[in-house]
Every structure is written in structure tokens, then in C-alpha cells.
Amino acid sequence: MKKEEVPQDKGNLSNKNMKELVYATDEKGNYTTALSTGWEPKTIALSNSIEEISERIAIAKAQVENNEVSPICYYMEFCRMDIGVLSSYVGMWQWRVKRHFKPRVFARLSDSILKKYAESFNITIEELKNFKTN
Amino acid sequence: METNFAHHQSAHCENGVASNLLKHNGLNISEPMVFGIGSGLFFVYLPFLKVNYAPAISYRPMPGSIFNKLAKRLGLKIKRQKFSSEANAIKALDENLKNNIPSGLQVGVYNLTYFPDEYRFHFNAHNLVVYGKTETDYLISDPVMENVTTLTHAELNKVRFAKGAFAPRGQMYYPIQVPANVDLKGAIIKGIKNTCRDMLAPMPIIGVRGIRYVAKLIKKWPIKEGTKKANHYLAQIVRMQEEIGTGGGGFRFIYAAFLQEAAVILGNDGLKTLSLEMTAIGDLWRDFAVEASRVYKNRSTKVDVYNTLSDELLVIADREEVFFKKLKKAIS
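Residues numbered from 1 in each chain as written. Chains lettered and ligands numbered in written order. Predicted model: local features only at pLDDT ≥ 70, side-chain atom pairs only at ≥ 80, totals over all residues. Heavy atoms only, no water.

Visitor: Just checking my understanding: could you explain the environment of L156 of chain B for this structure?
Guide: Residue and element names in this part refer to chain B. Summarising the element assignment, L156 is placed in helix α5 (residues 153–160). For L156, a relative accessible area of 1% puts it in the buried group. In this structure the C-alpha to C-alpha distance between L156 and T134, which are 22 residues apart in sequence, comes to 13 Å. Beyond its immediate chain neighbours, meaning those up to four positions away, L156 contacts L93, L105, V130, Y138, I140 and L151. (Helix = DSSP H or I, 4+ residues; strand = E, 2+ residues; numbered from the N terminus. Buried < 20%, exposed > 50% of the residue type's maximum accessible area, 1.4 Å probe, protein only. Contact = heavy atoms within 4.5 Å.)

What follows is the structure, encoded as C-alpha cells:
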């Protein structure tokens, strides 16, 4: 990539006034570095992933409201985790975490277990117990 | 406590930390040199490992391997520590800062508060340097940031003990022995040989053959998985190749810069020509990213756009195969 071709598109970085460093060639063909504010294909790819996640959060939310899954499932999606990541944060087997997704099982969980989840999600036990739909 | 640490921004975090730490210890070595000697260019397709619900593709070797290989090839000694207790991890880091030793850390990205929200995923192989501490904060030199930054004590603790794949477990590392004279030539040749061996590996999911394998899969995705999933997978490929960590074009350009530097050090003009070729291949990776992003942005449901993309990737694989064969010859 030539230095003058280094993309300066508006991206997620430029919103925060961040620039990333890239390697590019100067007019003599020698390598040098340049700063880039962002690149459209990257921004599109990233927003695709974010959209995907938002969709999953919305589905989980609806499921909690319908009493199909417990709030743990919603907060897992909200924190961009999957079962593997969540289970290592709380230090429990994946099957156990999956079981806690059941509203019936969730209702009976002790505070010490709820605390593990709440800490992993950066929320309080009360927030986890009293799920707000908005 | 603060050490007089010089922050240089870099394109990739692991190279950057290695280069910055070594510069601090009196060995002036550029990011491309670190990347080339440490054999940072790689490709592996991991169908069983799902990242964000899509199959994982890694354009880089295991976390830590670049710096480890670099150290071995230059005869440096690095101390690496992992901790089971958070208190001990904090103590060890503070002890280092007290002794004026800036320390590299492996951390999780999700709780790095200075990153834009969109960039925060559960990815645990990010690297940064801590070079000082105040009452409330740690002073951070994150190589992908333009300037130095800070994290509160609690925040740093959180990122050091992030969980999930590649959990850093408080990992801390720093050079303890840097010789005044290093055998740069020998190290460069070893690094190049290693990369050629990786990229030409006779394994279906690694190197050039791995790229070819993924290219063939792209053709099947829309039929087998439906276009929605296929589009998501494509987006994931582009994200893994172009985002923090960069793998596609970005890595090729760093490698080309390395070959240019190596050509001078080894007095080998062949490497200079190969550097130009690698730059051209890097541009092809970027074209691929542009095409792929168009496909999922327009939510294209036509199967033939996937075929075109797949063919583009096959061309890249062919070009890289020829390239690494030539590179292998050029240094033998």
C-alpha cells in the first residue's frame, strides 16, 4: 500500500480521536509508517458483528420477559460473552451455567452463586434478581 | 513510581511491546524486525473453535510466541510469570516498578476502558506495558495507542485476570538479560525459514493450504449455512484479518517492511524484490476485504458473489505459495 493510499475513512476510532499505525511505502518505494483514522470495510465488518450481538441481546430480553430463560442469559449476551467465557468467569461447568438459564432453577439459586454471576456482569445481585425490562 | 519509558506506537500489540521493551533495554530493534525474526506471519483455520459464533481463523501464532522466538534467536533472556493469586500478581508488578523495570502484560481487551466500546470483545491476547504507578492509576503504554494512557488499579487487575480462552492469569514478562552484541543475521535467517516452513506446511488447515481450504469453504457457506450465516462468517473473516492485531494486508506490509530491512542487513538484493512482491500480495488481501465487506453490506443473496470471493482468495493462496518458495530459496 502506498502512503497516499492509507485510508482516512470515518470509523469507530475517529469518533474517539484515535488513529492506528500502518506500514506503507513512500514515493521511492521504501517502507515507512502512517496514521489512519479508519477504513470502511473494517467499519462495516465491525458493525455487522455489533448488529449480530444486538440481535441476540434483543432475543434474550424477549425470552426473559416471557419467562423462557433467566436474566443470566440476558446479561451474558449483554456482556458479549458466550457460555464458555461465562462459565470460566464464574468457575462452574458449562452444563451448570446452562441449567441456571432455566427460570425455575434460577429462582432457587443462593445469593453466593448469584454473587458470582453479578460480579462477572459488573452488576449488583439486586439488579440480577429484579430484571428490568427497559 | 515512574520509569523513563519511551512509548512508540505500533501496528500490532505483541511486536510493539517487544520492540518497546527491548529499546528500553538498549537494543534498538524495529517493529518489523521483531515481527520477522519472531515469525509472526501465520495462518490457521480452526473450525472447532468458535469466536463470536463463527469458526475461528487466526492470522498469527500463539500469544507470546513472537517474543519468545525473537528472544531465543537473539540470545535474550525474558522472564515470564503467571499467577494464581491476584494479590501476588499485584505485588510482583509493583516490585518491578519500584526497581525501574517496565513490564509487559498479557491482558483481556473487554475491560480496557480506553478502547472504543465497539472494540471491546472477550479477546485475551492483547499486550501492553506498565511503566509506572500513581496513588490511583497505573501508567500504561499500549502499543496500538498513539499516546500513553492509564487504568485504575481495579481496572488493571480486571484485565490481568480476564477469563476465557487464553486467560492471561496475570501474566507479566520483561527482559532480564540483553546482550550488547546480537547475531541479527543468523536470527533473520532462522525467522524467515520458520515462516516459510509454517506457510508451506503440508497440513490442510495451516498456511497456504489453510487459506485455500477456507477459500473453498466460502463457496459452500451460502448453500450449507444460508446467506445470513454466510455473511456473518465473512464479516468475521474480515474482522479477524483487519482489526486490532491485523492479519491480512496489514501483516503483509509489516513483513514486506521487514524484508526490506533484512535485505540491507544481509546484503541480499533478492529480498528487496521479494519485499515488493509481498506488498503486492498485501494489496490483494485488502482488495479481498473490500469485496467481502461489499457482499455482506448489501446482504447479497446471490451465490456467484461468494464464488468470485472464493476465487480471489485462491489467487492469493497461489501467489503466497510461489512467494514463500522463492523466499526459501533466496536465503538458502
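Visitor: I tried to follow a nonpolar patch on the surface on my own but got confused; where do I start?
Guide: Together, L46, L49 and V51 of chain B line one region of the surface with nonpolar side chains, adding up to about 200 Å² of accessible area. Summarising the element assignment, V51 of chain B is placed in strand β1 (residues 44–51). (Patch = residues over 30% accessible without salt bridge, like charges linked within 9 Å, V, L, I, M, F, W, Y side chains within 5 Å. Areas by Shrake-Rupley, 256 points an atom, 1.4 Å probe, with all protein chains shown as cover. Salt bridge = Lys/Arg side-chain N within 4 Å of Asp/Glu carboxyl O.)

Visitor: When you look at the interface of chain A and chain B in this model, what are you seeing that I'm missing?
Guide: By a frequent convention, interface size equals the accessible area lost on bringing the separate parts together. Taken together, the contact pairs 40 residues of chain A with 50 residues of chain B. When the two sides are added together, the surface that chain A and chain B hide from each other amounts to roughly 4000 Å², 54% of it contributed by carbon and sulfur. Remark: the boundary between chain A and chain B carries four salt bridges. Across the pair E40 of chain A and K297 of chain B runs a salt bridge whose closest N-O atoms are separated by 3.9 Å. Remark: the boundary between chain A and chain B carries 15 residue pairs in polar contact (both at pLDDT 80 or more). Going through the elements one at a time, β1 (20–25), β2 (31–36), α1 (40–65), α2 (71–78) and α3 (83–90) of chain A are the ones with two or more residues in the side of chain A that touches chain B. The dominant element in the side of chain A that touches chain B, judged by the number of residues it contributes, is α1 of chain A, at 14 residues. Classifying every residue of the side of chain A that touches chain B by side-chain character gives 20 nonpolar, eight polar and twelve charged. (Buried area = accessible area lost by both parts, 1.4 Å probe. Polar contact = N/O pair within 3.5 Å; in protein donor to acceptor, adjacent residues only side chain to side chain. Nonpolar A, V, L, I, M, F, W, Y, C, P; charged D, E, K, R; others polar.)

Visitor: Could you clarify how one ought to interpret the packing of aromatic side chains in this entry?
Guide: Two aromatic rings are characterised by how far apart their centres lie and by the angle between their planes. Under the criterion given, the structure shown has 17 aromatic pairs over all chains. A centroid spacing of 5.2 Å and a plane angle of 75° characterise the contact between Y74 of chain A and Y75 of chain A, whose relative ring orientation is edge-to-face. Like Y74 of chain A, the residue Y75 of chain A is buried in the burial classification. Look at F67 of chain B and Y173 of chain B: their rings are 5.8 Å apart centre to centre, the planes differ by 75°, and that puts the pair in the edge-to-face class. Here Y173 of chain B lies in strand β8 (residues 172–177) and F67 of chain B lies in helix α3 (residues 65–74), a separation of 106 residues in the sequence. A single burial state applies to F67 of chain B and to Y173 of chain B, both of which are buried. Here a set of aromatic residues connected by ring pairs shows up, and it is made of Y74, Y75, F78, Y117, F121 and F131 of chain A. In this arrangement the basic side chain of R80 of chain A is found over the ring face of F121 of chain B, its NZ or CZ atom lying 5.2 Å from the centre. Over the ring of W39 of chain A we find R286 of chain B, and its NZ or CZ is 3.9 Å from the ring centre. (Phe/Tyr/Trp six-rings, centres within 6.5 Å; stacked < 30°, edge-to-face > 60°. Lys NZ or Arg CZ within 6 Å of the ring centre and 35° of its normal.)

Visitor: How should the layout of surface pockets be read in this particular structure?
Guide: Where empty space is left becomes clear once a probe the size of a water molecule has been rolled over the atoms. The computed volume of the largest pocket comes to approximately 1000 Å³. Along the wall of the largest pocket there are 40 residues; nearest its centre are V51, H122, F123, F166 and M240 of chain B. Within the residue set of the lining of the largest pocket, elements represented by two or more residues are α1 of chain A together with β1, β2 (54–58) and α8 (227–242) of chain B. Looking at which element gives the most residues to the lining of the largest pocket, the answer is β1 of chain B, with five residues. Split by residue class, the lining of the largest pocket holds 24 nonpolar, nine polar and seven charged. Y89, E119 and S120 of chain A together with N111 and K158 of chain B are, among the 22 residues lining the second largest pocket, the residues nearest its centre. Secondary structure elements with two or more residues in the lining of the second largest pocket: α2, α3 and α6 (111–121) of chain A together with α5 of chain B. Residue composition of the lining of the second largest pocket, grouped by class: twelve nonpolar, five polar and five charged. (1 Å grid on protein atoms, 1.4 Å probe; cavity = no way out; pocket = protein on both sides within 12 Å on 5 of 7 lines; lining within 4 Å. Points joined across faces, edges and corners; volume = space filled by probe spheres on them.)

Visitor: For this particular structure, what's the right way to read the sheet that holds strand β5 (residues 126–133) of chain B?
Guide: Sheet strands line up and pair through hydrogen bonds in the backbone, either parallel or antiparallel. All names here are of chain B. Pairing is antiparallel in the open sheet, where six strands are placed in the order β3-β8-β4-β5-β6-β7. In this open sheet, the two strands that pair with only one neighbour each are β3 (77–81) and β7 (149–152). Averaged over all pairs of adjacent strands, the angle between their axes in this sheet comes to 40°, without regard to strand direction. Note: β3 against β8, five bridges, orientation antiparallel. Each bridged residue has a counterpart across the sheet, and for I78 the counterpart in β8 is P175. The strands that helix α1 (residues 13–24) touches are β4 (103–107), β5, β6 (137–141) and β8; relative to β5, the one it contacts most, it runs at about 35°. Most of the contacts of α5 go to β7, to which it runs at about 90°, and overall it touches β4, β5, β6, β7 and β8. (Pairing = 2+ DSSP bridges. Axes fitted to C-alpha atoms, helices over the stretch in contact; angles between N-to-C directions.)

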